[in-house]
Amino acid sequence: ILRLSLRVHIDQGPGTFSQMHGQAVQGVSTITSIVCFTLLPVIVQMAVILTIVGTLAEPSIWFVLASATIAYTLVFALGVHRISAPSRQALDRQVVAGRWFSDALLAAETLKSLGAGQQVRERFESHMASAQTAWNTCYARRAETSLLATAVFLATVCAITWLASAAIQVGTMTIGGFVLL
């Protein structure tokens, strides 16, 4: 930070650097959360299902699982595409709001003496409202992706259950095989 030119410090404000650091930490946390709570469960689910179905070797069930894998891939790709821009926008707006807050704290006495506290507060609140709107959009898109992944899961479970019960009726699958599914 000390090697940056004075112009960077004037243009960006001292609060920007601390906000950028906070955003980097939050970004790593978000990526870790998505991998641990979204991607990893799907991978484990697919591995367990493929292991079980591999022993049963029903072609129609293999088709459903292949379709589910493709659907999950499409849902997650669509989710990443739809959440990228809003999350970038939300982070940028949060950095700006944080910069205003940090700068106002650093210049509190000056702002009081100039009587500019009200103006700075209104500006900060405007930036925070803008950041909140952007975060709402980001989390709404994340919820849409989760709902789509849930729909894929439910469709897969329903299709496999229907196919397995049909296989029991024709005698190509036992009740034990159905329970494994």
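Here's the deal with the overall build of the protein chain
Assigned secondary structure in the protein chain consists of six helices and zero strands. Each helix and strand of the protein chain, placed in order from N terminus to C terminus, yields the pattern α-α-α-α-α-α. Out of the 181 residues belonging to the protein chain, those deemed buried represent 24%. Accessible surface computed for the protein chain: about 11,800 Å², of which carbon and sulfur atoms make up 69%.

Here we look at the packing of helix 3 (residues 59–106) against helix 5 (residues 117–170)
Close contact between helix 3 and helix 5 brings their axes to 8 Å; oriented N to C, the two are set at 170°. For the element pair helix 3 / helix 5, the angle class is roughly antiparallel. A breakdown of the residues in the contact of helix 3 with helix 5 according to their chemical character gives 32 nonpolar, 10 polar and six charged.

A word on the packing of aromatic side chains
Scanning the entire structure with this criterion turns up two aromatic pairs. Ring geometry for Tyr 72 against Phe 76: centres 6.2 Å apart, planes inclined by 15°, an arrangement best described as stacked. A residue pair is termed a helical-turn pair when its members lie 3 or 4 positions apart in one helix, as Tyr 72 and Phe 76 do in helix 3 at four residues. Given the relative accessible area of 4%, Tyr 72 is considered buried. With centroids separated by 5.7 Å and ring planes inclined at 25°, the aromatic side chains of Trp 135 and Tyr 139 adopt a geometry described as stacked. Linking Trp 135 with Tyr 139, this pair stays in helix 5, spanning four residues, or about one helical turn.

Quick look at the environment of Thr 137
The topology assignment puts Thr 137 in helix 5. Exposure remark for Thr 137: the relative accessible area of 32% places this residue in the partly exposed category. Taking the C-alpha atoms as reference, Thr 137 lies 9.8 Å from Gln 89; in sequence the two are 48 residues apart.

Digging into the pattern of salt bridges
Applying the stated criterion to the full structure yields two salt bridges. Among the ionic pairs, Arg 82 bridges to Glu 144, the shortest N-O distance being 2.5 Å. A residue pair is termed long-range when its members are at least 10 positions apart, and Arg 82 in helix 3 and Glu 144 in helix 5 qualify at 62 residues. Arg 82 sits in the partly exposed class, given a relative accessible area of 31%. When its relative accessible area of 36% is taken as the criterion, Glu 144 is described as partly exposed. Among the ionic pairs, Arg 121 bridges to Glu 125, the shortest N-O distance being 2.8 Å. With Arg 121 and Glu 125 both in helix 5, this residue pair falls four residues apart, about one helical turn.

A closer look at the nonpolar core
Residues Val 53, Ile 61, Val 64, Leu 65, Ile 160, Leu 163, Ala 164, Ala 167 and Met 173 constitute the largest nonpolar core, which totals nine residues. For this core, the secondary-structure elements that each account for two or more residues are helix 3 and helix 5. Take this core: its biggest share by element is four residues, from helix 5. Counting seven residues, the second largest nonpolar core, distinct from the first, contains Val 42, Met 46, Val 75 and Ala 149.

Considering the side chain of Thr 156
The topology assignment puts Thr 156 in helix 5. On the basis of relative accessibility, which here comes to 8%, the residue Thr 156 falls in the buried class. A distance of 2.7 Å separates a polar side-chain atom of Thr 156 from the backbone oxygen of Val 152. Once you skip the residues sitting within four places of it in the chain, Thr 156 turns out to touch Val 64, Leu 65 and Ala 68.

Criteria and thresholds
Residues numbered from 1 in each chain as written. Predicted model: local features only at pLDDT ≥ 70, side-chain atom pairs only at ≥ 80, totals over all residues. Heavy atoms only, no water. Helix = DSSP H or I, 4+ residues; strand = E, 2+ residues; numbered from the N terminus. Buried < 20%, exposed > 50% of the residue type's maximum accessible area, 1.4 Å probe, protein only. Areas by Shrake-Rupley, 256 points an atom, 1.4 Å probe, with all protein chains shown as cover. Axes fitted to C-alpha atoms, helices over the stretch in contact; angles between N-to-C directions. Parallel < 35°, antiparallel > 145°, perpendicular 65-115°, else oblique. Nonpolar A, V, L, I, M, F, W, Y, C, P; charged D, E, K, R; others polar. Phe/Tyr/Trp six-rings, centres within 6.5 Å; stacked < 30°, edge-to-face > 60°. Salt bridge = Lys/Arg side-chain N within 4 Å of Asp/Glu carboxyl O. Core = buried A, V, L, I, M, F, W, Y, C linked by side-chain atoms within 4.5 Å. Polar contact = N/O pair within 3.5 Å; in protein donor to acceptor, adjacent residues only side chain to side chain. Contact = heavy atoms within 4.5 Å.

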